[in-house]
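Below, each chain spelled out in residue letters.
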Amino acid sequence: MAIDSALVAPETFAALLIMSAEPREEFVKGAPRGERQPQKINRDGVPVWRVAVAATTWRGRSEMLNVTVAAPGNPMDDISTGSPVTFDGLMFGVSPKQNGGYSVWFSAERVRPAGSSVGLRPVASARARASSWLTVWVARMLARPICLRDFLSSSASVSRWAR
């Protein structure tokens, strides 16, 4: 049972590249360790897959993520290794472990190939979409030389800030 879960905003990741997909195995209590178990099936009777993706966050940090996805066939049948992907309904969750501690997990409704402009976005633009308007304004100001005209209003020659 999850302690907490949340929908992940698409702009959280600057890039998601699919690396592999393998059947998610059913947990069988008392089964010998290392022995292959049957593939897990969701309540709708659809097989469940563990999709490994190389992810770059909006902060530029890279990591490998395993995302659980239900699909009738192997998601890698339609997507080649290293291709940019996007997840529909990507969820992040935290669950307690039986022996103490916590487990972090990702699940999604669907994985699909990303369009040419979806999935691979410049890190700066993804960061700007995830930030407040003030942060975006400051980032834009720092991205170019600061001039006095930046502080002048369009209706007057000198604004109250320049006085």
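You'll find the structure just up there.
What comes next concerns the included structure. (Residues numbered from 1 in each chain as written. Predicted model: local features only at pLDDT ≥ 70, side-chain atom pairs only at ≥ 80, totals over all residues. Heavy atoms only, no water.)

For the chain, the helix and strand inventory stands at two helices and eight strands. Going from the N terminus to the C terminus, the chain shows its helices and strands as β-β-β-β-β-β-β-β-α-α. Buried residues in the chain amount to 26% of all 163 residues. Put simply, 61% of the contacts in the chain that link residues at least 6 apart link residues at least 24 apart. Accessible surface, the chain: about 11400 Å² in total, of which carbon and sulfur atoms supply 55%. (Helix = DSSP H or I, 4+ residues; strand = E, 2+ residues; numbered from the N terminus. Buried < 20%, exposed > 50% of the residue type's maximum accessible area, 1.4 Å probe, protein only. Contact = heavy atoms within 4.5 Å. Areas by Shrake-Rupley, 256 points an atom, 1.4 Å probe, with all protein chains shown as cover.)

Tracing the sequence through the fold places V69 in strand 4 (residues 62-70). Judged by relative accessible area, V69 falls into the buried class, the value being 2%. In sequence terms V69 and S107 are 38 residues apart; their C-alpha atoms lie 6.0 Å from each other.

Inspection of every chain in the model, using the stated rule, returns five salt bridges. Ionic pairing is found between E22 and R50, a salt bridge with its closest N-O pair at 3.6 Å. Of this pair, E22 sits in strand 2 (residues 13-23) while R50 is found in strand 3 (residues 48-57), placing the two residues 28 residues apart along the sequence. Residue E25 is joined to R36 by a salt bridge in which the shortest nitrogen-to-oxygen separation is 2.7 Å. Of this pair, E25 sits in the loop between strand 2 and strand 3 while R36 sits in the loop between strand 2 and strand 3, and the two are 11 residues apart along the sequence. (Salt bridge = Lys/Arg side-chain N within 4 Å of Asp/Glu carboxyl O.)

In terms of nonpolar packing, the biggest core is built from 19 residues, with V53, V67, V85, F87 and L90 touching the most fellow members. For this core, the secondary-structure elements that each account for two or more residues are strand 2, strand 3, strand 4, strand 5 (85-88) and strand 7 (102-108). In terms of residues, this core owes the most to one element, strand 2, which gives four residues. Apart from the residues lying within four places of it in its own chain, the contact partners of V53 are L16, L17, I18, M19, E63, M64, L65, V67, V85 and F87. (Core = buried A, V, L, I, M, F, W, Y, C linked by side-chain atoms within 4.5 Å.)

Moving on, we get to the environment of T81. Residue placement: T81 occurs in the loop between strand 4 and strand 5. In the structure, T81 is positioned 63 residues away from I18 in sequence and 5.8 Å away in space, judged by C-alpha atoms. Not counting the four nearest positions on each side in its chain, T81 is found in contact with I18, M19 and M76.

In a beta sheet, neighbouring strands are held together by backbone hydrogen bonds and run either parallel or antiparallel to one another. Strand order in the open sheet formed by six strands is 1-6-7-4-3-2, and the pairing between neighbours is mixed. Two strands in the sheet have a free side with no partner beyond their single neighbour: strand 1 (4-7) and strand 2. Each strand axis lies, on average, 30° off the axis of its neighbour in the sheet, ignoring direction. In this structure, strand 2 lies alongside strand 3, joined through nine bridges in antiparallel fashion. Looking across to strand 3, one finds that P23 is bridged to W49. (Pairing = 2+ DSSP bridges. Axes fitted to C-alpha atoms, helices over the stretch in contact; angles between N-to-C directions.)

Our next topic: the pairing of strand 3. Across the 10 residues of strand 3, seven count as buried, placing the element largely inside the fold. The pairing of strand 3 with strand 4 spans nine bridges and is antiparallel. Among the inter-strand pairings, A55 is bridged to a residue of strand 4, identified as E63. Where strand 3 hands over to strand 4, the hairpin turn is made up of four residues, of which G60 adopts a positive phi near 90°.

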